[in-house]
Amino acid sequence: MNVRYSTTPIGERLTDTRRQIQWKYINWKIVNDSVNRLQVRITKAVNKEKWQLVKRLQYMLTHSFYAKMLAIRRVTQNKGTRTAGVDGIRWITPEAKMNAALNLSDKKYKAKPLRRVYIEKYGKKEKRPLSIPTMHDRAMQALYAFALSPVAEATADRTSFGFRKNRSTHDAYAQAFNCLSKKNSAQWLLEGDIKGCFDNINHEWLLDNIPMDKSILKQFLKAGFVYNRHLNPSKSGTPQGGIISPILANMALDGIEALIASKYYTSKSGKIYKRYDRHKVNFVRYADDFIVTTDTEDTAKEIAELIKSFLKEKGLELSETKTLITHIDTGFDFLGWNFRKYKGKLLIKPSKDSIGKITQKMSDVIKRGKAWKQEDIISILNPIVTGWSNYHQSAVSKDIFSKLDDRLWGMLWRWAKRRHPEKSKSWIVKRYWHEARGRKWIFSTKEKELKRFSDTKIVRHPNVKLDKNPYLDKEYFDLRRYKISLRRKTNKSFSKTMIA
């Protein structure tokens, strides 16, 4: 059943239809298209700098019943739906979701405090704070994120790739490759890391500069958090765990590219800049991690000071331990990859830290699974192997994939020997490893087979056009997504044919 609602106040009309609407019969394509049309209009208004129109369109979107339903769907479809906030409420049933959509309103809205938990960081003693809003507050954040995202996209730095629609770590990887791969490319880099970015952004700056309802934004920022049954105030920052937080953080950091360009580039028709070859300055950012390529070490130091002054206004600062100036021949790590030139040739490989993490993760699974059935071990390991290899399939990873296959084989051999200490090696091999498609030593059962890292073929990731907007250039991004998936499927089919 298709249900249509206007963006006018819902009042009695929605109350009368409360019993008639069924969540499971909603046509989500119509809902998505309706919200997207408003987001396109907001984007066009931002591009024309018609800020009063932007404000009116944002109001229409945040009071649209379609947008409210979509916000509820977003917060109830992801993994976070299993985790309740301080009120302990979760929306599980279709009736609960529909009631939530009907009751989602900005009238007398007051955000509840967030539930604070701490999660471990890999290889570090300190833990990362994670703040969990209630389901209702999550839905409100999702609703206002729909209205703010088009503004953020239209005003974003061109070479910012983190937490943005239709952009990814692989796009940042491809951009960094473009800036560093040529013989005459920059030789020095500023590796930047912003200290506690989400926790320290100045609230006054956000309230003064973020184009959204100030009273709602203030509720998001000033909600406080509960830890060990004690209510703590929120004096700065936007909580990690909030749906709108990545957008706010991105908007606080946008402007670094233009600031660098104003000093090291020449202006050409507004937002487009032409590089001076003698500087070789390029900026690439993913969330709060960034790199700046430069011609000399002194230029890198100058840019570091420039960025420090930019961040100070936002209540932020560079991390002294993680902000480094490095020569490309020494190499640096960025987003899980190591970038380094060997005799003038740039090679991008999985970083040692990333390899260590995946090794530890596989080891932990196998240790936990001492008494598991073989098919259970395979079911847990396969997504880990596939996810990691897919992430690194655009890098120089062939040798690393083979080494990880060897490591995993060794772990599984020890797992099998521990289960059957009195059995011979040939018995263990016959019990757990089999031959298929002309390949031996496949860890498998009749139903399931362990995947190998080396079955993933290397596929170069195509560059994204930096001037394309996800709300205005939907056809471009749809076609790009299709070509990327087709390229990967073709390589997987080729791989299976070669094995067979």
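Residues numbered from 1 in each chain as written. Predicted model: local features only at pLDDT ≥ 70, side-chain atom pairs only at ≥ 80, totals over all residues. Heavy atoms only, no water.

Enquirer: Account for the overall build of the protein, with residues named and values stated.
Expert: Helix and strand counts for the protein come out as 18 helices and 15 strands. Expressed as a percentage of the 500 residues in the protein, the buried residues total 48%. With the model as given, the accessible surface of the protein reaches about 27100 Å², and the carbon-plus-sulfur share is 51%. (Helix = DSSP H or I, 4+ residues; strand = E, 2+ residues; numbered from the N terminus. Buried < 20%, exposed > 50% of the residue type's maximum accessible area, 1.4 Å probe, protein only. Areas by Shrake-Rupley, 256 points an atom, 1.4 Å probe, with all protein chains shown as cover.)

Enquirer: A description of the pattern of salt bridges should follow, citing residues and the corresponding values.
Expert: Under the definition given, this model contains 14 salt bridges. As a salt-bridge pair, K357 and D353 come within 3.7 Å of each other at their nearest N and O atoms. Of the two residues, K357 and D353 are both situated in helix α14 (residues 352-368); the distance of four residues between them amounts to about one turn of the helix. Residue classification places K357 among the partly exposed positions, given a relative accessible area of 39%. Here the salt bridges do not stand alone but share partners, grouping R437, R439, E449, R452 and D455 into one network. (Salt bridge = Lys/Arg side-chain N within 4 Å of Asp/Glu carboxyl O.)

Enquirer: Tell me what's going on with the sheet that holds strand β8 (residues 282-286), and back it up with residues and numbers.
Expert: As summarised here, the arrangement of the four strands in space is β8-β9-β3-β10, forming an open sheet in which the pairing is antiparallel. Since the sheet does not close on itself, it has two edges, and those belong to β8 and β10 (324-327), each with one partner. For this sheet, the mean angle separating the axes of adjacent strands, direction not counted, is 20°. Pairing between strand β3 (residues 188-193) and β10: four bridges, direction antiparallel. (Pairing = 2+ DSSP bridges. Axes fitted to C-alpha atoms, helices over the stretch in contact; angles between N-to-C directions.)

Enquirer: Give a detailed account of the sheet that holds strand β12 (residues 337-342), specifying residues and quantitative values.
Expert: With antiparallel pairing, three strands are arranged side by side in an open sheet as β11-β12-β13. A strand with exactly one partner marks an edge of an open sheet, and here the two such strands are β11 (332-334) and β13 (345-350). The average undirected angle you get between the axes of adjacent strands in this sheet is 30°. Pairing of β12 with β13 involves six bridges; the strand directions are antiparallel. Opposite K341, over in β13, you have L346 as the bridge partner. The strands that helix α7 (residues 169-180) touches are β11, β12 and β13; relative to β12, the one it contacts most, it runs at about 15°. (Contact = heavy atoms within 4.5 Å.)

Enquirer: For the environment of A84, give the residues involved together with the corresponding values.
Expert: Relative to the helices and strands, A84 is located in the loop between α4 (65-77) and α5 (94-103). Note on A84: relative accessible area 15%, which makes it buried. Distance in space between the C-alpha atoms of A84 and P133 is 7.8 Å, their sequence separation being 49 residues.

Enquirer: Please set out unusual backbone geometry residue by residue, giving values where relevant.
Expert: Positive phi, close to 65°, is recorded for N166, a residue that is not glycine. Summarising the element assignment, N166 is placed in the loop between α6 (135-155) and α7. By relative accessible area, which is 25% here, N166 ends up partly exposed. Despite not being glycine, N228 has its phi angle at roughly 55°, a positive value. Topologically, N228 is positioned in the loop between β4 (225-227) and β5 (230-232). Owing to a relative accessible area of 64%, N228 belongs among the exposed residues under this scheme.

Enquirer: Would you mind going over the packing of aromatic side chains in detail, with residue names and values included?
Expert: Under the counting rule described, the total for this entry stands at 26 aromatic pairs. Pairing F163 with F198 gives two aromatic rings, centres 6.4 Å apart and planes at 90°, and the pair type is edge-to-face. Of this pair, F163 sits in the loop between α6 and α7 while F198 is found in helix α8 (residues 197-200), placing the two residues 35 residues apart along the sequence. Here F163 falls in the partly exposed class, since its relative accessible area comes to 46%. Since its relative accessible area comes to 13%, F198 is described here as buried. For the pair W409 and W433, a centre-to-centre distance of 5.8 Å together with 45° between the ring planes defines the contact as tilted. Here W409 is found in helix α16 (residues 398-419), whereas its partner W433 is found in strand β14 (residues 433-436), with 24 residues between them in sequence. Chaining the aromatic ring pairs together yields one cluster made of W409, W413, W415, Y432, W433, W441 and F443. The ring centre of W427 lies 4.9 Å from the NZ or CZ of K423, which sits over that ring. A cation sits over an aromatic face here: R431 above Y432, 4.6 Å from the ring centre. (Phe/Tyr/Trp six-rings, centres within 6.5 Å; stacked < 30°, edge-to-face > 60°. Lys NZ or Arg CZ within 6 Å of the ring centre and 35° of its normal.)

Enquirer: Mind laying out a positive patch on the surface, listing which residues take part and the relevant values?
Expert: A surface patch of like charges, here positive, comprises K367, K370, R414 and R418. Examined against the element boundaries, R414 turns out to sit in helix α16. (Patch = residues over 30% accessible without salt bridge, like charges linked within 9 Å, V, L, I, M, F, W, Y side chains within 5 Å. Lys, Arg positive; Asp, Glu negative; His and termini not counted. Charge placed at Lys NZ, Arg CZ, Asp CG, Glu CD.)

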